[in-house]
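Here is what each chain is made of, one letter per residue.
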Amino acid sequence: MLVSAVATSVCLMASGSVMAMTTKAEYSAAKDKAKSEYKMAEDKCGSLSGNPKDVCKAEAKANQKKADAAAEADYKNTPKARRDATMAAADADYDVAKEKCDARTGNDKDVCVKEAKAVQTKAKADAKAMQKTTTAHNDAADDKRDANYKVAIEKCDGMSGVAKDACKTAAKTKYGK
């Protein structure tokens, strides 16, 4: 369950490069929604006691942290913001897993905590790798676009007058210059 939550976070980060940037109003609304959902979830924990109550509260807080981080990543819409959101999700999931481990004792508890830490470490490593990959892809796309623009402009240089001007305008439009 924890592994699938972290995998989902990594996939969300990877898909971030195609997501539309959100507005400040959408960002604020998402943060407000996360806060409201946290309060409702925490209220539901009131009837519980002991470790189940601690786990319930940790899950509520984790969901808020993940929603806040996702809202910020959508607002900033950068590879670093996506990485930060995935890392926040990994930390939140780790906090919940540690609370769940508290119900155990002895070696069973130690193994549980180590497994949770391993999942967190893997998710953070994947987030860093995804950021580097996304940045490298973006840089490569920029380099390709620049190279193609230079070729198009060079082709225009063989023309003259209105045709040359039209060619250059078309190249600038096509390659975003």
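What this report covers is the structure whose coordinates are included nearby. (Residues numbered from 1 in each chain as written. Predicted model: local features only at pLDDT ≥ 70, side-chain atom pairs only at ≥ 80, totals over all residues. Heavy atoms only, no water.)

For the rest of this paragraph, the subject is the state of the cysteines. All chains considered together, the criterion is met by 3 disulfides. Through a disulfide, C45 is tied to C56; the S-S separation comes to 1.9 Å. Disulfide C45-C56: torsion about the S-S bond near -80 degrees, hence left-handed. Of this pair, C45 sits in the loop between α2 (24–44) and α3 (50–76) while C56 sits in helix α3, and the two are 11 residues apart along the sequence. There is no split in this pair, since C45 and C56 are both buried. (Disulfide = S-S within 2.5 Å. Helix = DSSP H or I, 4+ residues; strand = E, 2+ residues; numbered from the N terminus. Buried < 20%, exposed > 50% of the residue type's maximum accessible area, 1.4 Å probe, protein only.)

Let us look at the packing of aromatic side chains. Summed over all chains, the structure comprises 2 aromatic pairs. For the ring pair Y27 and Y75, a centre distance of 4.8 Å and an interplane angle of 20 degrees mean the geometry is stacked. In this pair, Y27 is assigned in helix α2 and Y75 in helix α3, connecting sequence segments 48 residues apart. Where Y149 meets Y175, the ring centres are 6.4 Å apart and the plane angle is 70 degrees; that geometry is what we call edge-to-face. Pair noted here: Y149 is in helix α5 (residues 106–156) and Y175 is in helix α6 (residues 161–175), with a separation of 26 residues, a long-range link. For the pair Y149 and Y175, one class covers both residues: buried. The ring of Y38 is capped by K61, whose NZ or CZ atom sits 5.0 Å from the centre of that ring. It is K117 that lies over the ring of Y94; its NZ or CZ is 5.2 Å from the centre. (Phe/Tyr/Trp six-rings, centres within 6.5 Å; stacked < 30°, edge-to-face > 60°. Lys NZ or Arg CZ within 6 Å of the ring centre and 35° of its normal.)

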